[in-house]
Amino acid sequence: MSRLFPTASRINLLILAVLLLIVIPIGLDEFRLNLVSKYLTFSFVALGLVLCWGAGGILSLGQGVFFGLGGYCMAMFLKLEAAQADIGCTRAQQELGECIVQSTPGIPDFMDWASMTELPFFWLPFNSFPLTLIMVLVVPTALAYIVGVAMFKRRVGGVYFAIITQALAAVLSILIIGNAGYIGGFNGITDLRTLHGWDIRTDDAKVLLYFVTAILILLALVVSQIVLKSKLGSVLIAMRDQEDRVRFSGYDVANFKIFVFCFGAALAGVGGALFTLNVGFIHPTFVGIVPSIEMVIFCAIGGRFSIFGAVYGALAVNFAKTIFSEAYPELWLFAMGAMFIGVVLAFPEGLAGLYKVYVEPHILKIVRSMKTQTSNISSGK
Amino acid sequence: MELNTSNQDYVLSVENLTVSFDGFKVVDDLSFKIKKNELRVIIGPNGAGKTTVLDLISGKTPATSGSVKFQNKEIMKMKEHEIVHAGIGRKFQTPSIFEDLTVFENLEISFPRGRNVFGALFFKRDEEVKARALEIAEIIYLKDAMDQSAASLSHGQKQWLEIGMLLIQDPDLLMLDEPVAGMSASERVKTAELLNKISKGRSVIVIEHDMKFVEDIAHWVTVLHQGRVLSEGLMEDVQKDPKVIEVYLGHS
């Protein structure tokens, strides 16, 4: 146990758990709490980047793709449920604003607008919630696997890999925008209402969804810690520095890169699905190049070598974005760019690096003195 | 003396090996054989193709033509990690160890178990691994540095650690590229001892520049020049060979 979770990691996990499960829910109103949920969904992506980029040295500039795929999977399920609810809607009800009359009832509204009369085959799995949950994990992972095999087996890496993932982000967002009838196009998938009849738009639902998100990110942190502390984690770090040495120690390096890239994609997919649930829509702008790069910035500012840093990075940058862009909307991008440059130049290990140098030693000292005190008490001194 | 030995006695046989980069033949129709339990030193002036030969055997560089047989099995088409699994270990010229990990972790990664993705994920650090790592650390003079970060080791210790990482895999053929480069005089002596110790029960190929060191360890020497074997034989005979003196020893 102590090998997987050394004291410092246990303390970090505890601090974050207290913050997410007690301090934030007590301190913030429903609106702000919902914002934190949204930020936390980005931290899944940043966490995946800590494993891929921080540990494995693989910089992906296309994590938004996997986030978007997870988000779209969830949105497709919710949209079908919303469409089912509109079956049997009458003109009179529409005038009261209760529902919408469609020329083909039971299909998503944007399909109806595009004069489609039948649900495309790839929508069929999303009639079932368990299947949707599986798709949230499988679709991003499968795409990451295909890209990973195509790139890493051919030993494409570094900058070239980053550029290709960025191109992937551009391709997917163009694909979505160009297919309004099939997947909602530029408007995204909106007007999501219920999950198995449970209205996700109410304040109560938003509070509950916040806790679901918070617990899942804590769980994701625990799983990531286990992966990083296993020998596979050591191999990733070894690979980052001396890829050839790992290869000549008998490892097929490509398979390890594929694994960690898929793992990061699966995390991003979960984040995307939670984003859709928390926010109530998904939009192609969350798939493209800009959000993908933003995610890298969350990770870098939080500290790319720290799984906890990823969460704080996503929260800190997004809070700054919210506050700053309310006051000076046009300056925000410059501020974020400045933050990124500052991190790279002044403290390359981000917030986590600062914490490790200035805060953690004190906390560890306190914990150690507490431990000796309790052991003194228990031994009767 | 080689005429009477059958193929079975060779751990490695390189035949007509050629590699050219942009038409320039770095290794040119090269053939040599390594016997079981032999310690062979390959020397030659800069650009003779010494490191390239190791690259070809270990699968790092694909050959243009020719054949490399390891324990009578063709390994030319195998991938690097498969060649390692077959029993060939290779040390690089500059020490390549994992600086962000401890000495123990460096050895643990090299331990020949759990080398696929899920094997590594569920790898257990059991007594066997710990005992074996300790055993190797003792041989490479790093017993007291097990929990130290590898980055904090001296240059010579890093070279030893990399040798240790190969030893823990227990290879049948060990290939060392300039193992004493950048070492102090006392480290060289210790490395020579180390080499004599670890060459028992396995074949070793050493590439070396340092003639004093070669005299200390070698009995059978191959001299490469412009990608070909210039001379081969006992160290004292090779040193007297006028061709060798002209291209190599004469200059140094």
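Bear in mind the structure is a predicted one, so any value in this text is a computation, not a measurement.

Q: Would you mind showing me how to read the sheet that holds strand β5 (residues 73–74) of chain B here?
A: For sheets, the rule is that strands pair by backbone hydrogen bonds, running either parallel or antiparallel. Residues and elements named next belong to chain B. Read from one edge of the open sheet, 4 strands run β2-β1-β4-β5, paired in antiparallel fashion. The sheet terminates laterally at β2 (24–35) and β5, the two strands that pair on one side only. With 8 bridges joining them, strand β1 (residues 10–21) and β2 adopt antiparallel strand pairing. By the bridge assignment for β2, phenylalanine 21 is matched with phenylalanine 24.

Q: What's the story with the interface of chain B and chain A in this structure? I'm lost.
A: A common way to report how large an interface is uses the accessible area buried once the components associate. Across the boundary between the two partners, chain B contributes 26 residues, which contact 21 residues of chain A. Breaking the side of chain B that touches chain A down by element, the ones donating at least two residues are α2 (80–86), α3 (103–110) and α4 (117–121) of chain B. In the side of chain B that touches chain A, the residues fall into 11 nonpolar, 8 polar and 7 charged.

Q: Looking at this structure, how should I read the packing of helix α2 (residues 30–55) of chain A against helix α13 (residues 289–302) of chain A?
A: The relative placement of two packed helices is expressed as an angle between their axes plus a distance between the axes. Residue and element names in this part refer to chain A. It is at 8 Å that the axes of α2 and α13 come closest, and there the two elements cross at 70°. In terms of their interaxial angle, α2 and α13 are classed as roughly perpendicular. The two elements α2 and α13 cross, and the hand of that crossing is right-handed. Counting all contacts with α2, which are made through Phe42, Val45, Ala46, Leu49, Val50 and Trp53, the residues of α13 involved are Met295, Val296, Phe298, Cys299 and Gly302. Here the residues of the contact of α2 with α13 are counted per class, giving 10 nonpolar, 1 polar and no charged.

Q: Quick question: what am I supposed to make of the pairing of strand β3 (residues 39–43) of chain B here?
A: Two faces belong to every sheet, and in a regular strand the side chains alternate between them. Residues and elements named next belong to chain B. For β3, the tally of buried residues reaches 5 of 5 residues, placing the bulk of the element in the interior. In the sheet, β3 pairs with strand β8 (residues 203–207) via 4 bridges, with the strands oriented parallel. Looking across to β8, one finds that valine 41 is bridged to valine 206. Where β3 meets strand β9 (residues 220–225), 4 bridges bridge the pair, whose relative direction is parallel. Bridge assignment links isoleucine 42 to a residue of β9, and that residue is threonine 222.

Thresholds, definitions, all that
- Residues numbered from 1 in each chain as written.
- Chains lettered and ligands numbered in written order.
- Predicted model: local features only at pLDDT ≥ 70, side-chain atom pairs only at ≥ 80, totals over all residues.
- Pairing = 2+ DSSP bridges.
- Helix = DSSP H or I, 4+ residues; strand = E, 2+ residues; numbered from the N terminus.
- Contact = placed C-beta atoms within 7 Å.
- Nonpolar A, V, L, I, M, F, W, Y, C, P; charged D, E, K, R; others polar.
- Axes fitted to C-alpha atoms, helices over the stretch in contact; angles between N-to-C directions.
- Parallel < 35°, antiparallel > 145°, perpendicular 65-115°, else oblique.
- Left-handed = near helix turned anticlockwise from the far one by under 90°.
- Buried ≥ 20, exposed ≤ 12 C-beta atoms within 10 Å, placed from the backbone.

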